[in-house]
Structure formats: C-alpha cells, structure tokens
Amino acid sequence: MRIAFDHAVTETASIKTYYFRSAEPLRYSAGQFIELTLPHDNPDSRGIKRWFSLSSSPSQALLGITTRLSTDGSSFKAALQALTPGAELTMSAAMGDFVLPRNVDTPLTFVAGGIGITPVHSILQWLIDTDEQRPIKVLYAVRNEDDIAFLDTFGAAKQYVTIVVREPSAAWGGERGQIDAEMIIGLQQPTANTLVYVSGPEAMTESLAADLITAGLRVDQVVRDSFPGYSHL
C-alpha cells in the first residue's frame, strides 16, 4: 500500500510521531504493527525496511508511527527525519495479536518499557474515541522524566497509569527503580483471569514475560510485543 507523509509531532526531545495519509482505508486493530519501506540513498546494513507498531487509532484519519531518534542513528531514521509533506512510502498490511480481547470484562494490565508505549497508546486512543470502557491498568517504565510520552492520552483515557522512572531526578515523586516481575505483580496485582501485555525492547520483553510466568502467571495470560533494535528503555 502506498502512503504519503503528512506531518510529524514532537513527543519528547528524542521521540517523534510521523503521520501518513493513505489513498485507501487501512483496516487494522489497535495495537497492531506494520512494515514500512522507505527507499533512500546509501542505505546502511539495516536496509530500507523497518517494523513499527501503529501508535494511531483505527478511528483516526491518519496513520501514525512513533519512534526514538538519535544523532548517530540509522540511515533509515535519517531519511525518515528528512521526509517532506507528500513524500510517498510503502506500507504492509497490519498484523499482530497485541490487541484487545473480545471479552470487554477481562482485566488487562499493560506493561510498557520506553518506546513500547506505542501500541498501548493506539489501544488507549481507540478506547477514548469509541468511548469503550475496559478494566485496564498501565505500568509505563522510562529511563528518566524527559522520556515520558503521551501524558495527554493517559489523562483523557482515565486509566490507572503508574509511571516508573529508572534514573529519576530528585524532584520525581512517583515510582522509581528497575522494572521487574516482582514490581509488576506488586503494583498491578493481576488475578487469575488478568491478561498481562508486555511491550518494549526485545530483551526486556522476553525477560519480563519469562519471569512473570516463573512467578506464577500462566503462559496464556502473557501477551508480548518485542521491539528489535532497541537495547534499553
């Protein structure tokens, strides 16, 4: 599918959301991901394709992806930052099972590390736009306060959100420390029918999912969405 770049929004000093228009409607579920192809000059070894969770909601007119940027990043990220309105890219069909369950009464706990907040944002925005009520708790882990994105959405969704800062300033009054299975279970207190969604850098996601299962959660209670290429929050 061909899409055209529309505009970008700065979420934090190092995180931006890029919005695209599509000539045809894209059917997807909140929380799913796509593959984006961005041809550019002199691509590095990682090539011209990347996987992104859609941070936008299916209820929105524009498609959105949110990513972390750096001055020494890949050629793909550099080309993304250089896009001008109307520039065309190719996007795959949406896929993935990091989506809301059919049963609206199922208790849900979302654990997002760093850029892993993007599919959670898609889901929360969908709930806002459709005025659908779900029993949801969100645990959002970041390196420092400057990395916190999407606070407006958290407020509008009226969900119980706990932010954990690994390297907080002296002024931070919330939870602090390294997120682990013990913290998740202690803060969120999942029950036998709670689904726990874990999203973030691949190593973090796989480690937390394994530790949650070791701590007593069933395998079918844990849903994961790993972000390759990110080594930390």
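Preceding this section is the structure that the text describes.
Calculation notes
- Residues numbered from 1 in each chain as written.
- Predicted model: local features only at pLDDT ≥ 70, side-chain atom pairs only at ≥ 80, totals over all residues.
- Heavy atoms only, no water.
- Pairing = 2+ DSSP bridges.
- Helix = DSSP H or I, 4+ residues; strand = E, 2+ residues; numbered from the N terminus.
- Axes fitted to C-alpha atoms, helices over the stretch in contact; angles between N-to-C directions.
- Salt bridge = Lys/Arg side-chain N within 4 Å of Asp/Glu carboxyl O.
- Buried < 20%, exposed > 50% of the residue type's maximum accessible area, 1.4 Å probe, protein only.
- Contact = heavy atoms within 4.5 Å.

Re the sheet that holds strand β6 (residues 88-91)
So, point 1. Pairing within the open sheet is antiparallel, and its six strands lie in the order β4-β3-β6-β1-β2-β5. For this open sheet the edge positions go to β4 (49-53) and β5 (63-68), each flanked by a neighbour on one side alone. Strand after strand, the sheet turns through a mean of 40° between neighbouring axes, direction not considered.
So, point 2. Bridge analysis of strand β3 (residues 33-37) against β6 gives two bridges, and the strand direction is antiparallel. Looking across to β6, one finds that Leu-36 is bridged to Met-91.

Describing the pattern of salt bridges
So, point 1. Inspection of every chain in the model, using the stated rule, returns eight salt bridges.
So, point 2. Across the salt bridge formed by Glu-132 and Arg-134, the nearest N and O atoms sit 2.8 Å from each other.
So, point 3. Of the residues examined, Arg-134 reaches a relative accessible area of 11% and is grouped as buried.
So, point 4. One salt bridge connects Arg-166 with Glu-167, and the closest N-O pair in it is separated by 3.5 Å.
So, point 5. Residue classification places Arg-166 among the partly exposed positions, given a relative accessible area of 26%.
So, point 6. Here the salt bridges share partners, and the residues they tie into one network are Arg-68, Arg-143 and Asp-147.

With respect to the sheet that holds strand β8 (residues 136-142)
So, point 1. Strand order in the open sheet made by the six strands is β10-β9-β8-β7-β11-β12, with parallel pairing throughout. Of all the strands in the sheet, the pair left with one neighbour each is β10 (175-176) and β12 (222-227).
So, point 2. Sheet strands touched by helix α5 (residues 202-214): β7 (108-113), β11 (195-201) and β12. Its angle to β11, the strand with the most contacts, is close to 150°.

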